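# Structural overview
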Amino acid sequence: MQCYQYLAAITAVANTIESIPGIHHKLPHSVIADWMAGNDIEPEDVLFASRDQITALIESLLRDNQPRILHAA
């Protein structure tokens, strides 16, 4: 069950990142998972948050990390 929760959290983060203007390609789930781990984002933080809360969290983190994410892809 925990694997499904982790996959759902990664998918939610990936969908949020892809919906942000300026990111024009899909990132591999492994890149998203590594980025989440590097930023201490737990699956529970995403699964029990609203879409707006997830977007706010992701956008604040991407301001500092976007060059590394784009380079990793």
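See the structure shown above.
Everything numeric here is computed off the predicted structure, so don't read it as measured data.

## Thoughts on the overall build of the protein chain
For the protein chain, the count of helices and strands is 4 helices and 0 strands. Sequence-ordered secondary structure for the protein chain, helices as α and strands as β, is α-α-α-α. Looking at the protein chain as a whole, 32% of its 73 residues qualify as buried. Residue pairs at least 24 apart in sequence account for 62% of intrachain contacts in the protein chain once pairs closer than 6 positions are excluded. Total accessible area on the protein chain is roughly 4800 Å²; 55% of this is exposed by carbon and sulfur atoms.

## Here we look at helix 1 (residues 2-19)
The terminal C-alpha atoms of helix 1 lie 26 Å apart, and with 18 residues this matches the ideal 26 Å at 1.5 Å per residue to within 8%. Buried residues of helix 1: Ala9, Ile10, Val13, Ala14, Thr16 and Ile17, and no others. Axial view of helix 1: buried residues confined to an arc of 165 degrees, hence all on one face.

## Things to note about helix 2 (residues 29-38)
Turning to helix 2, its buried residues number three or more, namely Val31, Ile32, Ala33, Trp35 and Met36. Looking one or two places after helix 2, you find Asp40, whose phi comes out positive at around 55 degrees.

## Topic: the nonpolar core
If you look at the biggest cluster of nonpolar residues, it comprises 18 residues, and the most contacted ones within it are Val13, Ile17, Ile32, Trp35, Met36, Ile58 and Leu62. Going through the elements one at a time, helix 1, helix 2 and helix 4 (51-72) are the ones with two or more residues in this core. By residue number, the principal contributor to this core is helix 1, which donates 5 residues. When sequence neighbours within four positions are dropped, the list of residues in contact with Ile32 reads Ile10, Val13, Ala14, Ile17 and Leu27.

## Quick word on the pattern of salt bridges
Side chains that carry opposite charge are capable of pairing whenever their charged atoms lie near each other. Under the definition given, this model contains 1 salt bridge. We note a salt bridge from Glu18 to Lys26, for which the minimum N-O separation is 3.7 Å. Accessibility expressed as a relative area gives 26% for Glu18, which makes it partly exposed.

Definitions and limits used
Residues numbered from 1 in each chain as written. Predicted model: local features only at pLDDT ≥ 70, side-chain atom pairs only at ≥ 80, totals over all residues. Heavy atoms only, no water. Helix = DSSP H or I, 4+ residues; strand = E, 2+ residues; numbered from the N terminus. Buried < 20%, exposed > 50% of the residue type's maximum accessible area, 1.4 Å probe, protein only. Contact = heavy atoms within 4.5 Å. Areas by Shrake-Rupley, 256 points an atom, 1.4 Å probe, with all protein chains shown as cover. Expected span 1.5 Å × (residues − 1). Arc of directions from axis to C-beta. Core = buried A, V, L, I, M, F, W, Y, C linked by side-chain atoms within 4.5 Å. Salt bridge = Lys/Arg side-chain N within 4 Å of Asp/Glu carboxyl O.

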